[in-house]
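Residue-level listing of the chains:
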Amino acid sequence: MAETRLARGDGLDHLHIAAHADTDAKLMLAHRPHRAKINLRGGGPAFAAAVASVIGAEPPAPGSLAGSGQWTLAGLGPDEWLALGDDSARQDVMGALRSALDGQHAAVVDVSDNYTTIVVGGSAAAEALAGACPADLHPRAFAGSHQVVQTYFASVDVILYQTVAGKTGDADFAGSRSFQLILRRSFADHVWRWLVDAGRSCGVAILA
Amino acid sequence: MPGPVMRLAEGGRIDRARPLEFTFNGRALRGYPGDTLASALLASGVHLVGRSFKYHRPRGILSAGAEEPNALVQLGTGAARTDPNQRATQVELFDGLVAASQNVWPSVRTDLSALNDVLSPLMPAGFYYKTFMGPSWAWMQYEKVIRRAAGLGRSPSEPDPDIYDQRWAHCDVLVIGAGAAGLSAALAAGRTGARVMVVDEQSELGGGLLGEPAGAQIDGRPVSDLLADTLAQLAAMDEVTLLPRTTAFGYYAQNFVGLLERVADHVPPGERTHGTVRERLWKVRAREVVLATGAIERHLAFPDNDRPGIMLAGSVRTYLNRYAVKAGDRVALFTNNDSAYAAAVDLARAGVAVPGIVDIRPEGPGAAAAAVAAEHGLAVLAGYTVVATHGRSHVRQARAMRLSSDGRTVQSGMETVLDCDLLAMSGGWNPTVHLFSQARGKLRFAEEIGSFVPDLYPPTQAMRCAGACAGRFGLTAAVADGLDAGAKAARAAGLDGPAPTLPAAADAAEGPIRLAWHLPSARPDKPAKIFVDYHNDVTAKDLKLAVREGYTSVELVKRYTTTGMGTDQGKIGNVTALGIVAEALGASIADIGATTYRPPYTAVTMGAIAGRRIKRLFDPVRRTPMHSWHEAHGAVFENVGQWKRPWYYPQAGEDMHAAVNREVAAARRSVGVIDATTLGKIDIQGPDAAEFLNRVYTNAWLKLGVGKCRYGLMLGEDGMVMDDGVTSRLGDTHFHMTTTTGGAAKVMSWLENWLQTEWPDLKVYLTSVTEQWAVVGLCGPKSREVVAALGTDIDLSGDAFPHMSVCEGEVAGVPARVFRISFAGELGYEINVPAAYGAALWQAVMAAGAPHNITPYGTEAMHVLRAEKGFIIVGQDTDGTVTPGDLGMDWIVSKQKDFLGRRSLLRSDTVRADRKQLVGLLTEDAQRVLDEGAQIIATAEIPEPPVPMLGHVTSSYYSPNLGRSIALALVKQGRSRLGETLHVAAADGSTVPVTVASPVFYDPEGKRLDG
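Rules behind the numbers
- Residues numbered from 1 in each chain as written.
- Chains lettered and ligands numbered in written order.
- Predicted model: local features only at pLDDT ≥ 70, side-chain atom pairs only at ≥ 80, totals over all residues.
- Helix = DSSP H or I, 4+ residues; strand = E, 2+ residues; numbered from the N terminus.
- Rg over C-alpha atoms; globule rule 2.2 N^0.38 Å.
- Buried ≥ 20, exposed ≤ 12 C-beta atoms within 10 Å, placed from the backbone.
- Pairing = 2+ DSSP bridges.
- Axes fitted to C-alpha atoms, helices over the stretch in contact; angles between N-to-C directions.
- Contact = placed C-beta atoms within 7 Å.
- Domains from an automatic or database assignment.
- Nonpolar A, V, L, I, M, F, W, Y, C, P; charged D, E, K, R; others polar.

**Q** Just to check I follow, could you spell out the overall build of chain A for this structure?
**A** Assigned secondary structure in chain A consists of 4 helices and 11 strands. The C-alpha atoms of chain A give a radius of gyration of 17 Å, which matches the 17 Å a tight globule of 208 residues would have. With the C-alpha coordinates aligned to their principal axes, the bounding extent of chain A is approximately 55 × 50 × 30 Å. Every one of the 208 residues in chain A was classed for burial, and the buried ones make up 48%.

Structural data, given as structure tokens:
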């Protein structure tokens, strides 16, 4: 057995992103590369019960969010969900899901490194996103903590939902709406650069 | 500096406290905030602004808006910030603005190309088609001369320094046009709490209301109060967005509307601060759209109707009331309808002399217009028409004669001469139906207004028209129509509110219009030009000639004569042109129909279309987790789709050839390492996973053992090779598929499509994991030592971990999937770890391989290594027309089972004997490397065309391991030509002799796989 553990990169190391406080900034950005992301495939009552027994919430309908405690379930399709949670619990939850689903036609796939998360907050967040995303994020149209959309931003596929208070640990975003953009790892570079550009005239704060 | 001699002492919506200075053709002039360039020029007495497109006739400002065909100017100076073809009628004045006439040489007053006017009898409709017939090569020469003579403005020649932006938006009700109808609609919709967007192309919201005189009333309320109050109410509504300076230029499917907001075009370039957006393109999805786009006045087609000083009457009125500019001191009017009387009355009230109103209607105007004309003592020449105008660079006289009852001739002898410095004309009004028509609405010709009105609304759009654009003229009607449309639109969008209170009064009744599409001259023997399309210099005679020459469709007449094809798109003259064509055909306008309206309504800058997608933000650049290491170690990158992949790693003093040779040699003699992260990866799970693979690959998959890997070819339904890769069985119901880098997304969609639509019975789940795994590929006899040195719990012995197998375990302390596979025919491992560890694993591999002088290699060396083995690259050695049989890969095509594409392999075309087949080519000169893509022929001499082509070179390299060049090629019946000498055409016209060989050049027995 090897004696070394390798260091983890975050996919944006090359941008040397440093925390940048700016109380006047209307756009706030954070990169959250290491959250646990588990893709779940399956269906039927037994599947729902098994998932609920581990995550604490039944898989929601497509386009909806559900969750409990530290985990959020995003409904991506009629038989597909993305479970989002804390990295430290990833292995245990993966194992628990596989045990609970044993014997069912289901798939539990670790996609924690396939995707990364960029969080967009501040009073100009929705406007900055509207610069390159066709989803309607108006509070009337985008049902706050219950809705998730699969759309694109700056020609990159993204899974987008509004931050659920207390779920992400992004306490600094408190007080303004913020949005979680989950996107494939290699596109983070483009999306990050785009967002920084979008904030050129309104100021950008970057959270560690 | 000349004072604004034509500016009234008071009135208008200009800010007289802040004079602005600008230049036109180098002359310093003055205007005020609130002016357009056109209003400021008229205020300074400048009418002559340009020369016409073809005949270079002097032309003046005709209109006050987007319909302007004449007053096109070049704005700004320098090579970066200069804009051609800007309509002076829409350019907002700012301090320091620089404008110049275009299409003139040497100056607008003395333009030498005006000779074209004298020669005009030689330049009829279709002149270019008729004259510059051929030979075809000569067109390139003609074209340069014609471009110079018939040019428009100059394009900027340097990169645009301004910032352009884009924005998506959604609303319940989008109101296009902020005149009386649009603002009323917005108010009614806004009161329900609806999300409303109001857009208007002008700098100020109000539309036609802005051109009403002080004291004008609607339903007993002063217009100015009504406007101010409405705007204040709208501004106070949280969900209402007001966008002045914004043109709705395109109306697309499902209420998708494109807007161009000119955010800072009116700001002097020097004051555009860092980060300021110049223009913003909006992409709006609206639940409901209210079109309140108003109407555009038609001109009258009469002899000499293009002199500077001949203007549209409604525009003259706008200049007077909105900008406090009298466009002339002595204004004659010429009309076929009542609307011009409002202009005459406003002019008279402002103290301008009005020598007469020439009205072609024998009965004269309606009662209300007649009454105000009488009240102001205005002379009406009822039943008269203007037969000629005089004045070289400005109109100074109009001559009127009595028009016959059929409108074709004039009665001789009855002539009235009107001395004037301005002739204001009105030919009626065209509802601005451009967006309605773009949205696929169907139009109807309404005889009572002589124009097209919205008729059939398209079922796919939620849209309604209000006010003048619906053919309902009059301010009170516009308010009533707008309130009604706005309330209905909000309700349709799901919002409720009280029904709006409609105006109690109605607009005064007007007398009927008299339609006469072109008017006669006094001298039929010596006819003057009657312009229909000012911009493209199309006359009534041109249109009649086109019909005589057999062009009976309006779409063909349009293209033959270029009517309506200028920058103004015929906003003023198109209906008149239709009237003339209909008359010449002996048909009605309703029968011949209108030409198609297409976006954009007015021009959209390329900058706005690009938005921020420029330079580094043009397209995503995908980097692997190891990219920074490659950069730091001098890699030269190549683009593979959006990915950047190391191409080769030159060391000091090395060129590409030397670097690739070194990398290739190392991978065969010791150990090389490649970043293979970009390969597509799909996780496949489910009890039917093996059956699924059996259907999508050409070979058999049911019996692949757990822990084993297999190479597979995927075909399209046409039987052609689509993708390839190695897929491995991780468990009974669990596979790990790899695809080509470029094919990853396409293969995922392809597989999902089959699963979801054709084989829903198969229990299989696919998950894309391309980016979950970073992949380090080791190649060469020392690769096993390197994996061992990294530290792993996997038994690396040949028996425990043979070629084409997979093991899961830990490598360097990280969970890994290790595949023992090779694209180079060597001992090789592909180590997959979660992507976050990719960079660190790479560095660990470099350290572990240091004792063996481990050599990173790029895609070029990979290509050489695989070509030495005759392994194909899909997309390089195949091009969508190549079957497995063509590649000599029948061994991978099962005869026992069905698979996607199988039936197509039995088609007569796919089994014919003379298909192109993949072979190797060896040059006689071993050092000569062939050009990829080069054509292969049978003879050393290139015969006269057409030259029989036998095929082409698909891959070509220098192989350091063989000490010679190698190439792969697709050659007709190639496998039956082994040993034959063929010739490859080189770019310099010579040919290179080659011998056809097996495509496997190196280690054909595969002995090296075990190191």
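**Q** What exactly am I supposed to notice about the sheet that holds strand S8 (residues 148-153) of chain A here?
**A** By way of backbone hydrogen bonds, the strands of a sheet pair with one another, either parallel or antiparallel. Residues and elements named next belong to chain A. What the 6 strands build is an open sheet, ordered S8-S9-S10-S7-S1-S11; its pairing is mixed. In this open sheet, the two strands that pair with only one neighbour each are S8 and strand S11 (204-206). Between one strand and the next, the sheet's axes are offset by a mean angle of 30°, whatever the strand orientation. In this sheet, strand S10 (residues 179-184) lies alongside strand S9 (residues 156-162) in antiparallel orientation, the contact comprising 4 bridges. Among the inter-strand pairings, isoleucine 159 is bridged to a residue of S10, identified as isoleucine 182. The sheet contacts of helix H4 (residues 188-198) involve strand S1 (27-32), strand S7 (115-121), S8, S9, S10 and S11, and relative to S7 the element is tilted by about 10°.

**Q** Would you mind showing me how to read the domain arrangement of chain A here?
**A** The parts lose accessible area when they come together, and the size of an interface is often stated as this lost area. Residue and element names in this part refer to chain A. Taken domain by domain, chain A consists of domain 1 (13-34 + 114-206) and domain 2 (36-110). Taking the mean C-alpha position of each, domain 1 and domain 2 sit 24 Å from one another. If you look at the interface, domain 1 gives 12 residues, while domain 2 gives 11 residues. If you list the elements that add at least two residues to the side of domain 1 that touches domain 2, you get S8 and S9. When residues of the side of domain 1 that touches domain 2 are assigned to their parent elements, the largest contribution, 3 residues, is made by S8. Here the residues of the side of domain 1 that touches domain 2 are counted per class, giving 6 nonpolar, 5 polar and 1 charged.

**Q** Got a minute to help me understand helix H21 (residues 783-790) of chain B in this structure?
**A** Side chains of residues three or four places apart in an α-helix project in the same direction, reflecting 3.6 residues per turn. Residue and element names in this part refer to chain B. Burial of H21 is extensive: 6 of the 8 residues sit out of reach of the surface. What H21 keeps buried is the set Ser783, Arg784, Glu785, Val786, Val787 and Leu790. Turning to H21, the residues buried within the fold contact strand S39 (773-779), strand S40 (805-811), strand S42 (828-834) and helix H22 (838-849). Phi turns positive, to about 90°, at glycine 791, one or two residues after H21.

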